Amino acid sequence: MRIDKFLKNSRLIKRRTVAKEACDGERVSINGKVAKAGTGVEVGDIVTIRFGSREVTVKVLQLTEGAKKQDAAAMYEVVGG
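Residues numbered from 1 in each chain as written. Predicted model: local features only at pLDDT ≥ 70, side-chain atom pairs only at ≥ 80, totals over all residues. Heavy atoms only, no water.

**Q** Would you mind going over the pattern of salt bridges in detail, with residue names and values included?
**A** A complete count under the given rule lists four salt bridges for this structure. Two residues, Glu 65 and Lys 5, come together in a salt bridge whose shortest N-O distance is 2.8 Å. Placement of Glu 65 in the loop between strand S4 (54–60) and helix H3 (69–72) and of Lys 5 in helix H1 (residues 3–9) is noted, with a sequence separation of 60 residues between them. Residue classification places Glu 65 among the exposed residues on the basis of a relative accessible area of 52%. Residue class for Lys 5 comes out partly exposed when judged on its relative accessible area of 25%. Residue Asp 24 pairs with Lys 20 through a salt bridge whose shortest N-O separation is 2.9 Å. You can see Asp 24 and its partner Lys 20 sitting in helix H2 (residues 16–24), four residues apart, about one turn around the helix. (Salt bridge = Lys/Arg side-chain N within 4 Å of Asp/Glu carboxyl O. Helix = DSSP H or I, 4+ residues; strand = E, 2+ residues; numbered from the N terminus. Buried < 20%, exposed > 50% of the residue type's maximum accessible area, 1.4 Å probe, protein only.)

In C-alpha coordinates, the structure reads:
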(Lines give C-alpha, C1' and ligand atoms only; values in the text may rest on other atoms or scores of the structure.)
Protein backbone atom coordinates (compact mmCIF):
# COMPACT_ATOMS: atom_id res chain seq x y z
CA MET A 1 0.00 0.00 0.00
CA ARG A 2 1.22 3.52 -0.77
CA ILE A 3 2.28 5.54 2.29
CA ASP A 4 -0.07 8.44 1.49
CA LYS A 5 -3.01 6.02 1.32
CA PHE A 6 -1.94 4.30 4.56
CA LEU A 7 -1.76 7.64 6.39
CA LYS A 8 -5.26 8.53 5.20
CA ASN A 9 -6.83 5.10 5.86
CA SER A 10 -5.31 4.91 9.34
CA ARG A 11 -6.58 8.44 10.10
CA LEU A 12 -3.09 9.61 11.07
CA ILE A 13 -3.66 12.36 8.49
CA LYS A 14 -7.23 13.32 7.54
CA ARG A 15 -6.88 13.81 3.78
CA ARG A 16 -4.80 12.01 1.18
CA THR A 17 -3.78 15.31 -0.43
CA VAL A 18 -2.41 16.49 2.93
CA ALA A 19 -0.59 13.16 3.32
CA LYS A 20 0.93 13.62 -0.15
CA GLU A 21 2.05 17.15 0.74
CA ALA A 22 3.65 15.86 3.96
CA CYS A 23 5.57 13.25 1.93
CA ASP A 24 6.61 15.80 -0.70
CA GLY A 25 7.82 18.08 2.11
CA GLU A 26 10.06 15.26 3.42
CA ARG A 27 8.15 15.10 6.73
CA VAL A 28 7.42 11.35 6.47
CA SER A 29 9.97 8.54 6.74
CA ILE A 30 9.72 4.76 6.61
CA ASN A 31 12.35 2.78 8.52
CA GLY A 32 14.56 5.89 8.71
CA LYS A 33 14.40 6.75 4.98
CA VAL A 34 12.49 9.76 3.64
CA ALA A 35 9.36 8.54 1.85
CA LYS A 36 7.71 9.87 -1.28
CA ALA A 37 3.90 9.65 -1.56
CA GLY A 38 4.11 6.52 -3.74
CA THR A 39 6.54 4.64 -1.51
CA GLY A 40 5.18 1.26 -0.44
CA VAL A 41 4.59 0.43 3.21
CA GLU A 42 4.48 -3.11 4.62
CA VAL A 43 3.35 -4.64 7.92
CA GLY A 44 6.12 -4.22 10.49
CA ASP A 45 7.50 -0.97 9.01
CA ILE A 46 8.23 1.96 11.33
CA VAL A 47 6.71 5.22 10.04
CA THR A 48 7.73 8.61 11.43
CA ILE A 49 5.67 11.73 10.74
CA ARG A 50 6.73 15.25 11.69
CA PHE A 51 3.93 17.70 12.50
CA GLY A 52 5.68 21.05 13.01
CA SER A 53 7.78 20.62 16.16
CA ARG A 54 6.04 17.35 17.12
CA GLU A 55 7.04 13.91 15.84
CA VAL A 56 4.95 10.73 15.91
CA THR A 57 6.41 7.26 15.30
CA VAL A 58 4.14 4.29 14.62
CA LYS A 59 4.59 0.62 13.76
CA VAL A 60 2.37 -0.70 10.95
CA LEU A 61 0.25 -3.60 12.23
CA GLN A 62 -2.09 -4.14 9.29
CA LEU A 63 -2.96 -2.71 5.89
CA THR A 64 -6.70 -2.26 5.42
CA GLU A 65 -8.38 -0.83 2.32
CA GLY A 66 -11.24 1.51 3.21
CA ALA A 67 -10.92 1.09 6.98
CA LYS A 68 -13.86 2.33 9.01
CA LYS A 69 -13.21 5.00 11.62
CA GLN A 70 -13.43 2.53 14.55
CA ASP A 71 -11.01 0.11 12.81
CA ALA A 72 -8.42 2.73 11.81
CA ALA A 73 -6.54 2.72 15.14
CA ALA A 74 -5.94 -1.04 14.81
CA MET A 75 -3.79 -0.40 11.71
CA TYR A 76 -0.87 0.96 13.77
CA GLU A 77 0.73 1.07 17.21
CA VAL A 78 2.31 4.28 18.50
CA VAL A 79 5.91 3.57 19.51
CA GLY A 80 7.16 7.13 19.99
CA GLY A 81 6.11 10.73 19.99
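The discussion continues.
**Q** Help me get a handle on the pairing of S4, residues and values and all.
**A** In the sheet, strand S3 (residues 46–51) pairs with S4 via six bridges, with the strands oriented antiparallel. Within the sheet, the bridge partner assigned to Arg 50 lies in S4 and is Glu 55. Note that S4 and strand S5 (residues 76–80) share four bridges and pair antiparallel. Paired with Thr 57 across the bridge in S5 is Gly 80. (Pairing = 2+ DSSP bridges.)

**Q** Requested: an account of the pairing of S3, with residues and values cited.
**A** Pairing geometry for strand S1 (residues 28–30) and S3, over three bridges, is antiparallel. Residue Ser 29 lies in a different strand from S3, and its bridge partner there is Thr 48. Adjacent in sequence and paired antiparallel, S3 and S4 are bridged by two residues, among which Gly 52 carries a positive phi angle near 60 degrees.

**Q** Help me get a handle on the nonpolar core, residues and values and all.
**A** Membership of the largest hydrophobic core comes to 21 residues, with the highest contact counts inside it found for Ile 3, Phe 6, Leu 7, Val 28 and Val 47. Contributions of two or more residues to this core are made by H1, H2, S1, S3 and S4. Each residue touching Phe 6, except ones within four places of it in the same chain, is listed here: Met 1, Leu 12, Val 41, Val 60, Gln 62, Leu 63, Met 75 and Tyr 76. (Core = buried A, V, L, I, M, F, W, Y, C linked by side-chain atoms within 4.5 Å. Contact = heavy atoms within 4.5 Å.)

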